[in-house]
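Here is what each chain is made of, one letter per residue.
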Amino acid sequence: MPVPPHARGYESFGGSAGRTSADSTPEWTSPPTAPAGAPNIVVVLVDDMGYSDIGPFGSEIETPTLDRLAARGVRLSNYHTTPLCSPSRAALLTGINSHRAGFGFVANADPGYPGLRLELADDVLTLPEILRGNGYATYAVGKWHLVRDATMNPSAHRDSWPTQRGFDRYYGSLEGLNSFYYPNQLVSDGSVVDIEEYPEGYYLTDDLTDKALSYIKDLRAHDATKPFFLYFAHVAMHGPLQAKAEDQAKYRGRYAEGWDELRRKRFAEQLAQGLFPPGTRQKPRNTEPGYEAAEWDSLSEDERRRYAKYMEVYAGMIDSIDQSLGRIVDLLDDLGEFDNTIIVFTSDNGGTAEGGPEGTRSYFAEFAHIDDPDWIGDVPHDEDLIGTARLGVHYPRGWGQASNTPFRFYKGQTFAGGVRVPLVVSWPKGLPRTEADSGIRHEYAYVTDLAPTLLELAGLARPTVRNGLPAKEFDGVSAAELLRDPAAPTRHTEQYSEMTGHRGFYRDGWKLLSLYEAGADLDAPHWQLFDVRADPTELHDLSEQFPEKAAELAAAWDDSAWANTVFPLLTRADLFRRRPEEARFAAPIRLLPGTPTLERYRSQRLIAYRDFTITADLTGRRTEAPPNGALPTDEHLPVTTGTTPAGAALPSGEHLPVTTGAAPAGYQQGDEGVLVAHGDPLGGYLLYVENGEVVLGVNSYGRYASVAAPLASGAQEITVRAAIRPHLRWDFVVEVDGVAVAELADQVQLVGMAPWTGISVGVDARGPVDWELRERRGPFRYTGALRAITYTPGPIQVPQATIDAVEREAEFVAE
């Protein structure tokens, strides 16, 4: 009997339905499956790593895994990317030019223009979305940086978070950078990992690698044939530079000759490998104001010793990345899947000049852009701490210049030093090498080419619709033919670039470049013209010799800029503009014990460039304290709600603490622990009680100071008042029940991106603000009656000198 016309729910049913199964035919629908034999795909993206930092591109750093991949794979010597982190990631994952994808800058701004949306739009397809729609499992670990910092908190919409953009699983940091020992916030899938204390020996790169391996093993335990896409976006090599002691030790003393000699040796190795044609000259040492690197021999003995230590840490981090990749390759070998896995290894932009001429002693102080000799955020330190958990540093820019051997300039500029990076591709089954093939390709390729290339290699089609909207077309073109055939020409013949006023345009071997100079007319570029086929290191400006070609390419840049939503061009100070609705982040907030650590940006809005008041209300119900140092799997809530029996098991396996109910409200002798903490070893403050005293400690980018006062039984309210004073300083006053009991004056304001770890109530979670206190007491949960912590921010007061300093920066220090 046919289905009656008025019946609903059968419209898309392909079987037949009668009144009983006897006269019906079933139909099953299945999720998409990949073509038989489809390759796995692994994309390894490193952060801020220059052209010459791995063995296959001339480095002395030990990278045996990459050496193995390059020996059987393909190296693209003329591969380009954008000058900064987020734009490159958007272009790589979408195949769309960065501005058109909404990322004309890093995701730490919000100026309100289409090319600077700083979130992926609904009509932008991502590579993992396409692959998942073709039957792939999709995994991402590491740095994301495609979420505006105002939407990194758990209450924000998550349209641009990894699992909303095509990844089945994600583990890593939404931030543009992080501490390698005390990450301020890790996300697992779509939820924040509420870690109180990282285990001993924790190192972020190892953690990310462990998670990547677990995803693959888990897949193979349940499905033996489903191909997977792994996007491993390293947080390294972004500052702060921190490496494990054993990885640093391998390079002890190996950089005493300095960056000038390192550049010479690396370039000689590049020529020997055939990465550049004979006769290519290396760019002499950068001498342009704001970009210059000192001659190594001109430095003092103390400077040379200290600067060499920075590079030992950097080399140890590169080594660690290769070890990480080696573990993935070993697993693929064990599974018998290495030969049918496409592995891509590259960097998001060139080496950086963020460390300035001398290197940083306190990396997060660099983001403050302070031009005031009386502000001393970047404090001296013990050289033995360089690269350790107790210090966040970045190397002097002479090492950044060596990283970018043999090119000019750094991350952030459109010259080759900022945008020309290594690319290694390995796929033994699909890209076999002949003995006559060197494996090196000298043709031009661009970051937007990766997505269409991988889809062609895997034999997959790209949808034309996303969420019911016409999907933006690729700007990149497939380089599959280029990978297969050493004689194939490039299909990518022209490309614009732009970043914070720096501009570039490539067409058929010609490259037009402009370096933005602070204070100059933003829309009046001083163009330089290079024939990069004969002059790959961009040494000889031909703009006066070929003015017609320069004018032709300048007009082409203008057309491309309009087509890709590059306009309007913004000054660096304009990039600090925020949408008005963010003003709510500076409203007073009451935080209860048990609140997970507040997100970094959300926390910072309460104190940055402001007077602020913190009030600790000690009239809460008294509880038995959970053990200090508990990890999330056995964490205890610090207060009861009264609706669940004390000590009752929660669904997660956690237990509520036992309410005693007998002791009076307020501080009592014996109560101790942290009331509130904000920050970590790289900068912050905390308020705690110990031995009958209340203590305020302030960590000014690594310089720690504290003040203490006796605390009488029955005290019900402790208040900290921070008042702005000149030269970006704070004066602190501690009050107990309205009476001032201690002062800590003339402290450096924590601005820029500090404090890095957000606010914790009743415990000093994640990275310790006070290193010595953590060694003695662990996270030091408060054992007394704590009802709430209230923040009351004052109005924002950004000094004009700070705004001016941002605009004068030759290298915008971006995430």
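This write-up is about the structure you can find in this document. Keep in mind that this is a model prediction, so the values were computed, not measured.

**Thoughts on the pattern of salt bridges**
- For the structure on display, the rule yields 55 salt bridges.
- Across the pair Glu257 and Lys265 runs a salt bridge, and its minimum N-O distance is 2.8 Å.
- On the accessibility criterion, Lys265 (40% relative accessible area) is partly exposed.
- We note a salt bridge from Asp617 to Arg787, for which the minimum N-O separation is 4.0 Å.

**With respect to the pairing of strand S10 (residues 423-426)**
- Residue alternation in S10 divides its side chains into two sets, Leu423 and Val425 and Val424 and Ser426, and both sets are buried.
- Where strand S2 (residues 74-76) meets S10, two bridges bridge the pair, whose relative direction is antiparallel. The residue of S10 that forms the bridge with Arg75 is Val424.

**Here's the deal with the environment of Lys472**
- Inspection of the secondary structure puts Lys472 in the loop between strand S14 (469-470) and helix H11 (480-484).
- In this structure Lys472 comes out as buried when scored by relative accessible area, which is 16%.
- A sequence separation of 372 residues divides Lys472 from Arg100, and the C-alpha atoms of the two residues are 8.9 Å apart.
- The contacts of Lys472, once residues within four sequence positions are left out, are Ile96, Arg100, Asp123, Val124 and Arg462.

**Examining the packing of aromatic side chains**
- With the rule as written, the count across this model stands at 34 aromatic pairs.
- Their ring planes at 25 degrees and their centres at 5.7 Å tell us that Phe180 and Tyr203 sit as a pair that is stacked. Placement of Phe180 in the loop between strand S5 (169-173) and strand S6 (186-188) and of Tyr203 in the loop between strand S7 (191-193) and helix H4 (204-222) is noted, with a sequence separation of 23 residues between them.
- For Phe180, a relative accessible area of 0% puts it in the buried group.
- Residue classification places Tyr203 among the buried positions, given a relative accessible area of 3%.
- By way of ring pairs, the aromatic residues Tyr51, Phe57, Phe267, Phe276 and Phe407 are connected into one cluster.
- Over the ring of Phe474 we find Arg462; its NZ or CZ atom is 4.5 Å from the centre of that ring.

**Description of the sheet that holds S2**
- The mixed open sheet is built from 10 strands, whose spatial order is S7-S6-S5-S4-S8-S1-S9-S10-S2-S11. In the strand order of this sheet, the two ends are held by S7 and strand S11 (440-441), each with one partner.
- Strand direction decides the pairing type here: strand S4 (residues 137-143) and strand S8 (residues 228-233), joined by six bridges, are parallel. When the bridges of S8 are listed, Thr138 appears paired with Phe229.
- Sitting on the sheet, helix H1 (residues 64-72) touches S2, strand S9 (341-347) and S10, and the angle it makes with S10 is about 65 degrees.
- Packed on one face of the sheet, helix H2 (residues 85-94) meets strand S1 (40-46), S4 and S8 and runs near 170 degrees to S8.

**So, the packing of H4 against helix H7 (residues 301-335)**
- At their nearest, the axes of H4 and H7 sit 10 Å apart, and the two run at 15 degrees to each other. Of the possible angle classes, the one that applies to H4 and H7 is roughly parallel. Crossing handedness for the pair H4 and H7: right-handed. Mapping the contact onto sequence places Thr205, Asp206, Thr209, Asp210, Leu213, Ile216, Lys217 and Arg220 in H4 and Ser320, Ser324, Arg327, Ile328, Leu331 and Leu335 in H7.
- Here the contact of H4 with H7 is composed, by residue class, of five nonpolar, four polar and five charged.

What counts and what doesn't
Residues numbered from 1 in each chain as written. Predicted model: local features only at pLDDT ≥ 70, side-chain atom pairs only at ≥ 80, totals over all residues. Heavy atoms only, no water. Salt bridge = Lys/Arg side-chain N within 4 Å of Asp/Glu carboxyl O. Buried < 20%, exposed > 50% of the residue type's maximum accessible area, 1.4 Å probe, protein only. Helix = DSSP H or I, 4+ residues; strand = E, 2+ residues; numbered from the N terminus. Pairing = 2+ DSSP bridges. Contact = heavy atoms within 4.5 Å. Phe/Tyr/Trp six-rings, centres within 6.5 Å; stacked < 30°, edge-to-face > 60°. Lys NZ or Arg CZ within 6 Å of the ring centre and 35° of its normal. Axes fitted to C-alpha atoms, helices over the stretch in contact; angles between N-to-C directions. Parallel < 35°, antiparallel > 145°, perpendicular 65-115°, else oblique. Left-handed = near helix turned anticlockwise from the far one by under 90°. Nonpolar A, V, L, I, M, F, W, Y, C, P; charged D, E, K, R; others polar.

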